[in-house]
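# Descriptive analysis of the structure
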Amino acid sequence: MKKFILLFSLITLVGCSQFSNRKDQSQNIVFSSSIPQGRYDFTIVSLSYPQDYNNKIDFYKNFNRALSDLTGVQKSGLNLLITKEMNTDFTSLLTTGWFDKEILGMKIVEDLDENDINYLNSLNISTPTNAGNLQELLNRQYYLLLQLTNNENMYNSEFLYTELDKSLLMENILLDRKSLIDSLKSIQNNFVYNSDIHKKNVPIFINTKGINTDEFPDNPVIFENSNVASGFKVLSNNLVIFTGINNKVYSTDDYEFISNIVSPSSFDELKNISRNSTGVSKILTWKRKEWKKASFNESLENKFSTWEEK
């Protein structure tokens, strides 16, 4: 009779299109970096990123100061949410040292595209008489760089500026910016990208209702905003970690992953936030545990012990 009941239960489970949640999924996940068993808190920092160039300069100045005050251990726990515009500027800073309209000013004049030229021509300035098109654009580029550094009064409308003049003008800024770039590099491994940024092999954050995690097969870790769950679950290609209320729908014997998202009112709060947080880079190299072929003598209970939700 017991065998009949067990067989009936097996058939019923196989026939279901949606399985119920399994409590312990930790046995189906392996961390190549040997993450010890225990609880991990992932705090994601969401910063208000300005739109105006001058405000961005202030943002980077204060952000760099705050990052410089952090120890290496604290930086390793800082998970920064990267928005679309932030990603554009951060990528530019990390690859060229420039961002925003600075790039337009530092381009070689022959490399300017139509949009660049239209913007430069919109600047209301005078250029040397009888200057050719390229020279006029060079002068406008130089004026733009002066404008960005609040030195417009240094512009001489009769002077023929050169590519060297542009480089010398921004050289000191680039030297000062090295500290900022180094600071960004020190936390880059823990960037968490907003889901509207299509970037493979990085952790992402989903905040929009209706987005299916299946749309991100190349993102190993997904932080999903939820008002009904916390903890984590294992899918075919993703480790989904919930942010939201502490209703632990998914708990494990080996690991407990809890996450939240915060918007600090000042950069000084980063020190306390990162002190108690775990960097997401520590778990990016997870993999699914390989299933071994079951023995004919293995009980049905053991065969089901490696089942996981999909």
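In case you missed it, the structure is sitting above this.
Definitions and cut-offs
- Residues numbered from 1 in each chain as written.
- Predicted model: local features only at pLDDT ≥ 70, side-chain atom pairs only at ≥ 80, totals over all residues.
- Heavy atoms only, no water.
- Helix = DSSP H or I, 4+ residues; strand = E, 2+ residues; numbered from the N terminus.
- Contact = heavy atoms within 4.5 Å.
- Areas by Shrake-Rupley, 256 points an atom, 1.4 Å probe, with all protein chains shown as cover.
- Axes fitted to C-alpha atoms, helices over the stretch in contact; angles between N-to-C directions.
- Left-handed = near helix turned anticlockwise from the far one by under 90°.
- Nonpolar A, V, L, I, M, F, W, Y, C, P; charged D, E, K, R; others polar.
- Polar contact = N/O pair within 3.5 Å; in protein donor to acceptor, adjacent residues only side chain to side chain.
- Pairing = 2+ DSSP bridges.
- Phe/Tyr/Trp six-rings, centres within 6.5 Å; stacked < 30°, edge-to-face > 60°.
- Lys NZ or Arg CZ within 6 Å of the ring centre and 35° of its normal.
- Core = buried A, V, L, I, M, F, W, Y, C linked by side-chain atoms within 4.5 Å.
- Buried < 20%, exposed > 50% of the residue type's maximum accessible area, 1.4 Å probe, protein only.
- Expected span 1.5 Å × (residues − 1).

Looking only at helices and strands, the protein chain has 10 helices and 10 strands in total. Across the protein chain, the fraction of contacts at a sequence separation of at least 24, relative to all contacts at a separation of at least 6, is 63%. For the protein chain, the computed accessible surface area is about 17,500 Å², with 50% contributed by carbon and sulfur atoms.

A pair of packed helices is characterised by two quantities: the angle between their axes and the separation of those axes. It is the contact of helix H4 (residues 84-96) with helix H8 (residues 163-187), at a shortest axis distance of 10 Å, that shows an interaxial angle of 115°. Handedness of the crossing formed by H4 with H8: left-handed. Of the residues in H8, those touching H4 at Phe90, Leu93, Leu94 and Thr96 are Leu174, Arg177, Leu180, Ile181, Leu184 and Lys185. For the contact of H4 with H8, the class distribution of residues is seven nonpolar, one polar and two charged.

Tracing the backbone through its elements, the reader meets asparagine 139 in helix H7 (residues 133-148). For asparagine 139, the contacting residues outside a window of four places in its chain are Ile125, Thr127, Pro128, Tyr155, Asn156, Phe159, Leu160 and Tyr161.

Two numbers describe how helix H2 (residues 53-68) lies on H8: the axes approach to 9 Å, and their chain directions differ by 65°. H8 is crossed by H2, and the crossing has left-handed handedness. Side by side, H2 and H8 meet where Tyr53, Ile57, Tyr60, Phe63, Asn64, Leu67 and Ser68 of the first sit next to Arg177, Ser179, Leu180, Ser183, Leu184 and Ile187 of the second. Residue composition of the contact of H2 with H8, by class: eight nonpolar, four polar and one charged.

Here arginine 140 is to be found in helix H7. Within the structure, the side chain of arginine 140 is placed 2.6 Å from the backbone oxygen of leucine 123, a separation counted as a polar contact. Once you skip the residues sitting within four places of it in the chain, arginine 140 turns out to touch Leu120, Asn121, Leu123, Ile125 and Thr127.

The next thing to look at is the environment of threonine 43. Its location among the elements puts threonine 43 in strand E2 (residues 38-45). A sequence separation of 235 residues divides threonine 43 from threonine 278, and the C-alpha atoms of the two residues are 7.3 Å apart. Discounting chain neighbours no more than four positions away, the residues touching threonine 43 are Asn79, Asn260, Val262, Ile273 and Ser277.

Further remarks concern the pairing of strand E4 (residues 191-194). With three bridges joining them, strand E3 (residues 79-82) and E4 adopt parallel strand pairing. Bridging across to E4, leucine 81 finds its partner in valine 192. Pairing between E4 and strand E5 (residues 204-206): two bridges, direction parallel. When the sheet's bridge partners are listed, tyrosine 193 is paired in E5 with isoleucine 204.

The final tally for this structure, using the stated rule, is 23 aromatic pairs. Consider the rings of phenylalanine 90 and phenylalanine 191, whose centres lie 5.8 Å apart with planes at 45°: the pair is tilted. Taken as a pair, phenylalanine 90 in helix H4 and phenylalanine 191 in strand E4 lie far apart in primary sequence, 101 residues in all. Each residue in the set Tyr49, Tyr53, Phe59, Tyr60, Phe63, Phe90, Phe99, Phe191, Tyr193 and Phe267 is aromatic and connected to the rest through ring pairs, giving one cluster. Sitting over the face of the ring of tyrosine 119, lysine 101 holds its NZ or CZ atom 4.9 Å from the ring centroid.

The subject of this paragraph is the nonpolar core. Core analysis: the largest hydrophobic core is formed by 55 residues, its most contacted members being Tyr60, Phe63, Leu80, Ile82 and Phe90. No other element matches the eight residues that H7 contributes to this core. Apart from residues no more than four positions distant in its own chain, tyrosine 60 is found in contact with Tyr49, Asp89, Phe90, Leu93, Phe99 and Leu180. In this structure, Ile35, Phe42, Val221 and Ile241 belong to the second largest nonpolar core, which totals 20 residues.

For H4, which comprises 13 residues, the first-to-last C-alpha distance of 18 Å matches the rise-based estimate of 18 Å (1.5 Å per residue) to within 8%. Along H4, the positions that sit buried rather than exposed are Met86, Asn87, Asp89, Phe90, Ser92 and Leu93. Immediately downstream of H4, the backbone of glycine 97 shows phi near 90°, a positive value.

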